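# Descriptive analysis of the structure
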Amino acid sequence: MPKAVRFDHYGGRDVLYVAEVERPVPPPGEVLVAVRTAGLNPGEAAIREGHMDAVFPATFPSGQGSDLAGVVAEVGDGVDGFKVGDEVLGWSDRRSSQAAYVAVQAEHLVPKPTSLSWEAAGSLYVAGVTAFAAVRAVSPHPNDMVVVSGAAGGVGSLVVQLLRVRGADVIGIASEPHHEWLMSVGVMPVAYGAGLLDRIRAQAPEGVDAFIDTFGEDYIHLAIDLGVPRDRIETIIAFEAAQEYGVKSEGSSTASTPEVLSEMARLVASGDIEMPIVAAYPLDQVQEAYAKLERRHTLGKIVLLP
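In short, a report on the structure. (Residues numbered from 1 in each chain as written. Predicted model: local features only at pLDDT ≥ 70, side-chain atom pairs only at ≥ 80, totals over all residues. Heavy atoms only, no water.)

## Some words on the nonpolar core
This is how it is decided: Buried residues of nine kinds, namely Ala, Val, Leu, Ile, Met, Phe, Trp, Tyr and Cys, make up a nonpolar core once their side-chain atoms join them within 4.5 Å. Note on exposure labels: buried denotes an accessible area under 20% of the residue type's maximum, exposed denotes more than 50%, and partly exposed covers the range between, all computed with a 1.4 Å probe on protein chains only. Strands here are runs of E lasting at least two residues and helices are runs of H or I lasting at least four, both read from the DSSP assignment and numbered beginning at the N terminus. Two residues qualify as a contact provided that any one of their heavy atoms is within 4.5 Å of a heavy atom in the partner residue.
Core analysis: the biggest nonpolar cluster contains 50 residues, and L89, L124, V159, L163 and M264 have the highest contact counts within it. Counting residues per element, this core draws most heavily on helix α3 (residues 125-138), at 10 residues. Residue contacts for L163: discarding those within four places in its chain leaves V135, P140, V146, V148, A168, V170 and I212. With 21 residues, the next largest nonpolar core counts M145, I171, I173 and L226 among its residues.

The following block contains the structure:
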């Protein structure tokens, strides 16, 4: 029988297990995907720990995961855009992608470009559309100076590259082991910690035009201290602070369309954007995969291989 990640109650990584499940049957309008890769995201850990119960309550036993890439195994009635054997990437809204098979709404899938790796394809949705929304929120212009916190993370690593594609100059806040990679994609790195404001001002003597925060509330304060207009400050994580200070908080929900995902897939497949993959784990090592994710110091994405 096919396998899928499950958890029966809220808790730490130890509540995760892999269960044998029935192979799903796609209802009308849906596609059954044999999953090759499924990306991990911090929000999944927050949901599993119960921190988001008020907004995203779980129904137990719960599956896990949004990002996926794989091969079409079966199509439901009324699906015209895909056929058995097609290579696809996309997302599930049902916390179900970390599994051998998943039934997905056809409009949540796009064709996988041939040159796009399975690892990148299966981890592109959440990070990719979130990065797209964040960059769009600050309306970068050529030669704008934009600062990004968490610049080497799963979302931040895509944000900095999207900004460069649009012609912006970028300062990336990241731990020193990731500075070499940031420089390789044309980003000026600065280290976290005491004196950060002065280090940014030294790199941007003419000022900062926009700020994208992918890490936490303190960076909204930093952006304000740098004199960035509040309508050009974006956070993907500090939602309460965004409301308090009147800055933007546009996330994946504002860009979750096949068109945006196809554009991100094109940019990665063409080499215009690099999709760093830090590690890939078999499905039965899901606890180890989340242990690495939750350290919050990885460069790029972590994927499961169902």
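## Remarks on the side chain of S175
Mapped onto the secondary structure, S175 falls in the loop between β9 (169-173) and α5 (179-184). Residue class for S175 comes out buried when judged on its relative accessible area of 19%. When neighbours within four sequence positions are excluded, S175 is seen to be in contact with Y192 and H297.

## Here we look at a negative patch on the surface
The following threshold applies: Patches here: salt-bridge-free residues with over 30% relative accessible area, like charges joined within 9 Å, nonpolar side chains (Val, Leu, Ile, Met, Phe, Trp, Tyr) joined within 5 Å. What sets the accessible areas is the Shrake-Rupley method with a 1.4 Å probe; for residues, cover comes only from the shown protein chains. Think of a salt bridge as a Lys or Arg side-chain nitrogen and an Asp or Glu carboxyl oxygen that are within 4 Å of each other. When charges are counted, Lys and Arg contribute as positive and Asp and Glu as negative, whereas His and the chain ends are disregarded. A charged residue contributes its charge at one atom only: NZ of Lys, CZ of Arg, CG of Asp or CD of Glu.
Residues E217, D218, E240 and E244 make up a contiguous surface patch of negative charge. Structurally, E217 is set in the loop between β11 (210-213) and α7 (218-225). A residue is classified by how much of its surface remains accessible, and E217, at 38% relative accessible area, is partly exposed.

## Considering the environment of L162
Relative to the helices and strands, L162 is located in helix α4 (residues 156-165). With relative accessibility at 4%, the residue L162 sits in the buried group. Along the sequence, L162 and L267 sit 105 residues apart, while their C-alpha atoms lie 9.0 Å from each other. With near-sequence residues (within four places) excluded, L162 lies in contact with A131, F132, V135, M264, L267 and I273.

## Here we look at the sheet that holds strand β8 (residues 145-149)
Our working definition: Two strands make a pair as long as DSSP finds a minimum of two bridges between them. Angular values range over 0 to 180 degrees, each being the angle between N-to-C directions of two axes fitted as lines to C-alpha atoms, with helices fitted over their stretch in contact.
The strand order across the open sheet built from five strands is β10-β9-β8-β11-β12, with neighbouring strands paired in parallel fashion. A strand with exactly one partner marks an edge of an open sheet, and here the two such strands are β10 (188-190) and β12 (233-235). For this sheet, the mean inter-axis angle between neighbouring strands, taken without regard to orientation, is 20°. Packing of α3 onto the sheet brings it into contact with β11 and β12, and relative to β11 it is tilted by some 155°. Packed on one face of the sheet, α7 meets β8, β9, β11 and β12 and runs near 175° to β11.

## Observations concerning the pairing of strand β13 (residues 277-282)
This is how it is decided: Crossovers are marked right-handed if the path from the first strand over the helix to the second runs clockwise, as seen with the strands pointing away from the viewer.
Of the pairings in the sheet, the one linking β13 to strand β14 (residues 301-305) comprises five bridges and is parallel in character. Its bridge partner being in β14, I277 is matched across the sheet by K301. Between β13 and its parallel partner β14, the chain crosses via helix α10 (residues 286-293), and the hand of that crossover is right-handed.

## A closer look at the pattern of salt bridges
Any two side chains of opposite charge can pair, so long as their charged atoms come close to each other. In this structure the tally under the stated criterion is 10 salt bridges. Its salt-bridge partner being R23, residue E74 comes within 3.6 Å of it at the nearest N-O pair. Of this pair, E74 sits in strand β4 (residues 67-75) while R23 sits in the loop between β2 (17-20) and β3 (30-39), and the two are 51 residues apart along the sequence. When its relative accessible area of 38% is taken as the criterion, R23 is described as partly exposed. A salt bridge links R94 to E30, with the nearest nitrogen and oxygen atoms 2.4 Å apart. You can see R94 sitting in the loop between β5 (87-91) and β6 (101-105) and its partner E30 sitting in strand β3, a full 64 residues away along the chain. In this structure E30 comes out as buried when scored by relative accessible area, which is 8%.

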